[in-house]
Amino acid sequence: MKQALVCVSFGTLVENGRADLEAVETALRDAAPGRAFFRAYTSSIIRRRLQARGVAAQSLAEVLEMLAQRGFEDVCVQPTHLLCGYEYDKIKAETAEYQSRFARLLLGEPLLAGTQDLQAVAQAVAGIWPRTPGEALVLMGHGTDHFAGVVYPALQSAFALQDRDDVFVATVEGWPSLAEILPGLRARGYKSVHLAPLLLVAGDHACHDMAGDDPDSWKQQLQAEGLSVRCTLQGLGRQPRFQQLYREKLDRMLG
Ligand code: CO
């Protein structure tokens with residue numbers, strides 16, 4: 001039986017971000033050696049821009065169509081997305097349309113799909129960046145107005161329950177924003193902040209909105225508060241602990 005693994009991601013145009021994504025793709029590919037490996041991107045803008053650069057970039061539907069035509073029978077799709085938001089809804093719908101074309105077509109979960117995932121991700125982050133006296137760890141998540149965006153305040157709780165009251169979770173495009181965590185940060189009297197992406201890929205948001213030189217970047221806003229700021233510009237995908245969490249998602253899907 002011809003078997004395939006499709007790793008589906010939002011996609012990125014930033015070179016630094018490609019390394020984050022490829023680290024996860026490689027981990028998944030290595031974890032399923034019997035399966036032919038394919039990648040798909042959910043962002044049509046990113047697909048178009050990559051194609052304009054001469055890089056092959058296919059949507060999930062295009063990859064599934066090609067696999068059906070090539071006679072693959074057993075296909076599993078693992079998203080690298082962090083939460084069950086709009087992108088995952090799209091992936092679910094596209095996968096459902098192709099169910100009848102394969103003997104078996106499975107879809108894996110995003111990284112944060114339940115309570116255990118929240119605990120595991122908080123533990124992984126805490127392990128990567130241990131508490132540093134006098135310094136707050138501020139994590140930049142993407143954020144969404146999809147209800148799945150509750151994972152951000154939920155992660156905040158998971159950190160508190162793991163005795164990491166030095167960790168603050170905020171988002172670029174959702175709730176809570178940086179402005180909403182600032183009062184808590186001020187109240188604790190921190191002198192310095194470590195900014196790190198709560199993003200698979202350190203792409204545009206990490207490079208510009210988090211660590212950029214514009215006055216509205218998080219780094220500049222925190223410096224304007226009188227805090228000294230250092231930035232980590234690697235996505236979570238580069239971290240072996242997160243590669244392991246994705247491998248566990250794959251294992252769970254394959255049973
Ligand atoms: Co965005």
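Here is what the cut-offs are and how they apply
- Residues numbered from 1 in each chain as written.
- Predicted model: local features only at pLDDT ≥ 70, side-chain atom pairs only at ≥ 80, totals over all residues.
- Heavy atoms only, no water.
- Helix = DSSP H or I, 4+ residues; strand = E, 2+ residues; numbered from the N terminus.
- Buried < 20%, exposed > 50% of the residue type's maximum accessible area, 1.4 Å probe, protein only.
- Salt bridge = Lys/Arg side-chain N within 4 Å of Asp/Glu carboxyl O.
- Core = buried A, V, L, I, M, F, W, Y, C linked by side-chain atoms within 4.5 Å.
- Contact = heavy atoms within 4.5 Å.
- Donors = N, O, S within 2.8 Å, 3.2 Å for Na, K, Ca; no water.

Novice: Help me understand the environment of valine 150, please; the structure alone is not making it clear to me.
Specialist: Its place among the elements puts valine 150 in the loop between strand S5 (135–141) and helix H6 (151–161). Among the residues examined, valine 150 registers a relative accessible area of 36% and is labelled partly exposed. Measuring from C-alpha to C-alpha, the distance between valine 150 and histidine 208 comes to 24 Å, with 58 residues separating the pair along the chain.

Novice: Would you mind showing me how to read the pattern of salt bridges here?
Specialist: Opposite charge on two side chains permits them to pair, given that their charged atoms come into close proximity. Scanning all chains against the criterion turns up 16 salt bridges. The salt bridge partner of lysine 249 is aspartate 117, with a shortest N-O separation of 2.6 Å. Of this pair, lysine 249 sits in helix H10 (residues 240–254) while aspartate 117 sits in helix H5 (residues 115–128), placing them 132 residues apart in sequence. Grouping residues by exposure puts lysine 249 and aspartate 117 together as buried. Between arginine 164 and aspartate 166 there is a salt bridge, with the nearest N and O atoms lying 2.8 Å from each other. Take aspartate 166: its relative accessible area is 2%, and that puts it in the buried class. A single salt-bridge network, built from bridges that share partners, covers Glu109, Asp117, Lys249 and Arg252.

Novice: I tried to follow the nonpolar core on my own but got confused; where do I start?
Specialist: As a rule of thumb, soluble globular proteins bury nonpolar side chains together. Counting residues in each nonpolar core, the largest one holds 43 residues, and the members touching the most others are Val121, Val125, Trp129, Leu139, Leu155, Phe159 and Phe242. A total of six residues in this core trace back to one element, the largest contributor, which is H5. Once residues within four sequence positions are removed from consideration, leucine 139 is found in contact with Val125, Trp129, Phe159, Val167, Phe168, Val169, Ala170, Ala196, Leu198 and Trp218. Core analysis: the next-biggest nonpolar cluster, separate from the first, contains 19 residues, Phe38, Ala61, Leu64 and Tyr98 among them.

Novice: What is the right way to read the coordination of the cobalt ion from this model?
Specialist: By definition of the ideal shapes, four donors in a tetrahedron about a metal sit 109.5 degrees apart, and six donors in an octahedron sit 90 or 180 degrees apart. Protein ligation of the cobalt ion involves His142 (NE2), Glu173 (OE) and His205 (NE2), the donor distances falling in the range 2.1 to 2.5 Å. Motif for the cobalt ion, donor spacing along one chain: H-x30-E-x31-H. Here the residue histidine 142 occupies a position in the loop between S5 and H6, and glutamate 173 occupies one in the loop between strand S6 (167–171) and helix H7 (178–187), the gap between them amounting to 31 residues. Glutamate 173 gets classed as partly exposed once you look at its relative accessible area, which sits at 48%.

In short, the description is geometric, and any link to function would need to be established separately.
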